[in-house]
Amino acid sequence: MKPFQFKPAAFVLVALLVLASGATLLSQDSTAADDKKAAGPKPALTVSTVRPQTVSMPIRLAANGNIAAWQEAIIGSESNGLRLADVLVNVGDQVRAGQVLATFANESVAADVAQARAALMEAEANAAEAAANAARARTLQSTGALSEAQINQYLTAEQTQKAKVEAAKATLCAQQLRLKKVQVVAPDSGVISARAATVGAVVPAGTELFRMIRRGRLEWRAEVTSAELGRVKTGTPASIVAVNGAELKGKVRMVGPTVDPQNRAAIVYVDLTASNENTPPAKAGMFARGEFDLGTSSALTVPQQAVVLRDGFNYVFRVTPENRVQQVKVRTGRRIGDRVEILEGLKADAAIVVSGAGFLNDGDLVRLASDMSANGTDANGKPAAK
């Protein structure tokens, strides 16, 4: 058998088929490239935009401080060397002015009162006798039956006994006052904040027995820097939140007259309004944060989600007419609800990205969603279609 051999015509046919296949592939690749070029770059994200709004925002000054008693009364013993027989109140009790808080044993004082009363009766009897003798001496003065010296002696005895009666009365009053002081009474209405009285103790005069928050009134002693001190006036309202979550209202009663040279802060005294008169929501000694309400002012604001924090700075993304985003550094201020004040870095007519801003980079191409801004315009400032 003869070996198989390709003829020249076959070689030509195979070559033509290979060339046709390559041309077809090149044509398909060229068409795909042209289609991709015609389609353009793909948007990085679909976003919605808003424009900054000018709203009225409150001006507040934040401060820290302690809650303290408006005035604290110290109730001490006015009796000396008496035994404390009974203690009628404890810490936290509400008391009224004149209420008996404790009593001392009064046996020895009652005996002294009785002795003083007897001494007064004796002095009054001696005074009556001296008065009678002086009256008789006056009737005999013109007769010469008694000498002038004897008459003067009777008259002097009368005055002496009168003085002794007055002294005895004063002694009796002093002893009765001691008897009255065996009862320790509240000098004002308020809340007992401390108790040192112990039944059976023998205490000297002046010993502290109780401490009382007068009228149950509390105040917030806020520390305000000297630079901000001029913004706070008497009567300025304040909102306070104690560490236990209690929310209080108050007004500035007084601004401290001096500034601490160590921390350059002054004390502002704020009278607090308790939600319940019998059980204040806050206690003396608590730490509290608060804000002074200094009025309102207009502010340029954006939604909080439109502000992106990167590298310690705040940014917003402004949408250009070419639907590309531009990263803009801004300085923020007050916050209320979901609105953030923009102090500088942003114009009032700029369209900014409000959703998805955290996923964008400077120069990204975006597609605008159909969401309209609060003022009824789209990202280009055109009225929304009806």
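All figures in this text were calculated on a predicted structure; none of them were measured in a lab.

Caption draft 1: Spotlight on the overall build of the protein chain. The number of helices and strands found in the protein chain is three helices and 22 strands. Relative to its 386 residues, the protein chain shows a buried fraction of 32%. Within the protein chain, contacts between residues at least 6 apart in sequence are counted, and of these 75% link residues at least 24 apart. Summed over its atoms, the accessible surface of the protein chain is roughly 23,600 Å², and 54% of this surface lies on carbon and sulfur atoms.

Caption draft 2: Representation of the nonpolar core. Core analysis: the biggest nonpolar cluster contains 25 residues, and I67, W220, I240, V268, V270, L272 and F292 have the highest contact counts within it. Secondary structure elements with two or more residues in this core: β3 (53-69), β12 (218-225), β13 (237-242), β14 (247-255), β15 (265-273) and β16 (287-303). Apart from the residues within four sequence positions on either side, I240 is in contact with W220, A246, E247, L248, G250, V270, L272, A288, R289 and G290. Counting 20 residues, the second-largest nonpolar core is a separate cluster that includes L82, V95, A197 and L209.

Caption draft 3: Spotlight on helix α2 (residues 107-139). Across its 33 residues, α2 extends 49 Å between first and last C-alpha, which sits within 8% of the 48 Å expected from 1.5 Å per residue. Regarding α2, the residues found buried are V109, V113, A116, L120, A123, A127, A130, A134 and A137. Turning to α2, the residues buried within the fold contact β5 (82-87) and α3 (148-180).

Caption draft 4: Broad picture of unusual backbone geometry. The backbone of R264 sits at a positive phi, close to 60 degrees, despite the residue not being glycine. Residue position: R264 is located in the loop between β14 and β15. Overall, R264 belongs to the exposed group, its relative accessible area being 53%. Of note, D311 is a non-glycine position whose phi angle comes to about 55 degrees, a positive value.

Caption draft 5: Spatial organisation of the pairing of β3. Here β3 runs beside β16; their pairing, made up of 13 bridges, is antiparallel. Within β16, the position partnered with V55 by the bridge is A299.

Caption draft 6: Structural detail: the environment of V353. Along the chain, V353 turns up in strand β21 (residues 352-353). Since its relative accessible area comes to 0%, V353 is described here as buried. In this structure the C-alpha to C-alpha distance between V353 and A306, which are 47 residues apart in sequence, comes to 6.1 Å. Apart from the residues within four sequence positions on either side, V353 is in contact with V47, S48, T49, A306, F317, V319, V325 and L360.

Caption draft 7: Quick peek at the pattern of salt bridges. Considering all chains together, one arrives at 15 salt bridges under this definition. One salt bridge connects E291 with R60, and the closest N-O pair in it is separated by 3.5 Å. With E291 in strand β16 and R60 in strand β3, this residue pair connects regions lying 231 residues apart in the sequence. What makes E291 partly exposed here is its relative accessible area of 35%. D271 is paired through a salt bridge with R253; the nearest N and O atoms lie 3.2 Å apart.

Caption draft 8: Highlighting the packing of aromatic side chains. Summed over all chains, the structure comprises one aromatic pair. Between W220 and F292 the ring centres are 5.6 Å apart and the planes differ by 25 degrees, which places this aromatic pair in the stacked class. Placement of the pair is W220 in strand β12 and F292 in strand β16, with a sequence separation of 72 residues. Of the two residues, W220 and F292, both sit in the buried class. Positioned over the ring face of W70 is R217, at 3.9 Å from the centre of the ring. Here K329 stacks its cationic end above the ring of F313, 3.8 Å away from the centre of that ring.

Caption draft 9: Main features of the sheet that holds strand β10 (residues 202-203). Spatial ordering of the open sheet is given by β8-β7-β5-β10, a layout of four strands whose pairing is antiparallel. The open sheet has two edge strands with one neighbour each: β8 (183-185) and β10. The pairing of β5 with β10 spans two bridges and is antiparallel. The residue of β10 that forms the bridge with L82 is V203.

Caption draft 10: The arrangement of the environment of S108 in detail. Relative to the assigned elements, S108 resides in helix α2. Sequence separation of S108 and L179 is 71 residues, and the distance between their C-alpha atoms is 9.2 Å.

Caption draft 11: Region of interest: the sheet that holds strand β11 (residues 208-214). Reading across the sheet, the four strands line up as β4-β11-β9-β6 and stay open at both edges, with antiparallel pairing between neighbours. The strands lining the two open edges of the sheet, one partner per strand, are β4 (72-76) and β6 (94-95).

Caption draft 12: The arrangement of the pairing of β16 in detail. Note: β13 against β16, five bridges, orientation antiparallel. Residue pairing for β16: A242 is matched across the bridge by A288. Bridging between β16 and strand β20 (residues 339-344) involves three bridges; their strand directions are antiparallel. Paired with T301 across the two strands is E341, which belongs to β20.

Caption draft 13: Inspection of α3 at higher detail. When the terminal C-alpha atoms of α3 are compared, their 48 Å separation across 33 residues agrees well with the 48 Å that a helix rising 1.5 Å per residue should span. Looking at α3, one finds that the buried residues are I151, E158, Q161, V165, A168, L172 and Q175. In this fold, the buried residues of α3 make contact with α2.

Analysis parameters
- Residues numbered from 1 in each chain as written.
- Predicted model: local features only at pLDDT ≥ 70, side-chain atom pairs only at ≥ 80, totals over all residues.
- Heavy atoms only, no water.
- Helix = DSSP H or I, 4+ residues; strand = E, 2+ residues; numbered from the N terminus.
- Buried < 20%, exposed > 50% of the residue type's maximum accessible area, 1.4 Å probe, protein only.
- Contact = heavy atoms within 4.5 Å.
- Areas by Shrake-Rupley, 256 points an atom, 1.4 Å probe, with all protein chains shown as cover.
- Core = buried A, V, L, I, M, F, W, Y, C linked by side-chain atoms within 4.5 Å.
- Expected span 1.5 Å × (residues − 1).
- Pairing = 2+ DSSP bridges.
- Salt bridge = Lys/Arg side-chain N within 4 Å of Asp/Glu carboxyl O.
- Phe/Tyr/Trp six-rings, centres within 6.5 Å; stacked < 30°, edge-to-face > 60°.
- Lys NZ or Arg CZ within 6 Å of the ring centre and 35° of its normal.

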